[in-house]
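Inside the fold
Letter by letter, the chains look like this.
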Amino acid sequence: MKKFRLYLDKDKEEEWLNEMSRQGWAMTEFFAGLYIFTPCEPGQYIYRVDMWKDALHAPAWRNDYQKYVEFVEETGAEYVCRWGFWLIFRKESAKGEFALYTDTESQIALYRRIRWLFLFVGILELSPAFLNTMNVFHFWESTGGSFMYIILFVAFICWFLTAGCFLMVLKCTDKIQRLRM
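Report on the accompanying structure. Quick caveat, the model's predicted, so the values are computed rather than measured.

**Remarks on a nonpolar patch on the surface**
Residues Ile150, Phe153, Val154, Phe156, Ile157, Phe160 and Leu161 make up a contiguous nonpolar surface patch of about 700 Å² in total accessible area. Tracing the backbone through its elements, the reader meets Leu161 in helix H4 (residues 147–180). Taking the relative accessible area as the measure of exposure, Leu161 reaches 42% and is therefore partly exposed.

Okay, structure coming up:
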């Protein structure tokens, strides 16, 4: 079975993957929002989505994450896939609990990395959002043609992505604050 979903919040993605597992569907592949599932025993797996510690520091062409994958696999978990900075693991629920971060400080460090990523991407998205908005006004005044609607749509998408990134920055900040209490 294939399902398309886009998640910015890794915790919500984990909840959904675990719900799919409880319904008897094991996620086996992922690419650009397309999840591929195969049948499994209901509740057979527990899924975790992670951004490994050096994700923001290692160049994309290096495979430094492999050491981390091997470390996690030593705990009895299975590496499912990687998408950009994100790694997805699963563990058979019969083997017990599955948590990648068991202490508060490592959880705070995880949410700081995620917050940094979304802050960086959000700041990068501000330029195209602003420039596309300026283009809309320029085309509106000069032509008023249908091309203006395409630019307006692109501007809307840029602002939507920017808002999503900054919303995730706020969510991560909130999670960090709650973990500190």
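Resuming the write-up.
**Some remarks on the pattern of salt bridges**
Counting across every chain of the model gives 9 salt bridges. Lys171 is the partner of Asp9 in a salt bridge, and the nearest nitrogen-oxygen pair spans 3.7 Å. Of the two residues, Asp9 sits in the loop between strand E1 (2–4) and helix H1 (10–22) while Lys171 sits in helix H4, which places them 162 residues apart along the sequence. With a relative accessible area of 8%, Asp9 lands in the buried category. Where Asp9 meets Lys175, a salt bridge forms, and the shortest distance between an N and an O atom there is 3.2 Å. Of this pair, Asp9 sits in the loop between E1 and H1 while Lys175 sits in helix H4, placing them 166 residues apart in sequence. Lys175 sits in the buried class, given a relative accessible area of 13%. Because the salt bridges share partners, they merge into one network encompassing Asp9, Lys10, Asp11, Glu14, Arg48, Lys171 and Lys175.

**Quick look at the layout of surface pockets**
As a volume, the largest pocket reaches approximately 850 Å³. In this structure, the largest pocket is lined by 31 residues; those nearest its centre are Leu6, Tyr7, Leu8, Trp86 and Phe118. Those elements giving two or more residues to the lining of the largest pocket turn out to be H1, strand E5 (78–83), strand E6 (86–92), helix H3 (104–142) and H4. A per-element tally of the lining of the largest pocket places H4 first, with 7 residues. Grouping the constituent residues of the lining of the largest pocket by class yields 20 nonpolar, 3 polar and 8 charged. Reported here for the second largest pocket is a volume of approximately 230 Å³. Along the walls of the second largest pocket sit 15 residues, with Lys10, Asp11, Gln107, Leu110 and Tyr111 positioned nearest its centre.

So, how was this worked out
- Residues numbered from 1 in each chain as written.
- Predicted model: local features only at pLDDT ≥ 70, side-chain atom pairs only at ≥ 80, totals over all residues.
- Heavy atoms only, no water.
- Patch = residues over 30% accessible without salt bridge, like charges linked within 9 Å, V, L, I, M, F, W, Y side chains within 5 Å.
- Areas by Shrake-Rupley, 256 points an atom, 1.4 Å probe, with all protein chains shown as cover.
- Salt bridge = Lys/Arg side-chain N within 4 Å of Asp/Glu carboxyl O.
- Helix = DSSP H or I, 4+ residues; strand = E, 2+ residues; numbered from the N terminus.
- Buried < 20%, exposed > 50% of the residue type's maximum accessible area, 1.4 Å probe, protein only.
- 1 Å grid on protein atoms, 1.4 Å probe; cavity = no way out; pocket = protein on both sides within 12 Å on 5 of 7 lines; lining within 4 Å.
- Points joined across faces, edges and corners; volume = space filled by probe spheres on them.
- Nonpolar A, V, L, I, M, F, W, Y, C, P; charged D, E, K, R; others polar.

Function cannot be inferred from these measures alone, as they are strictly geometric.
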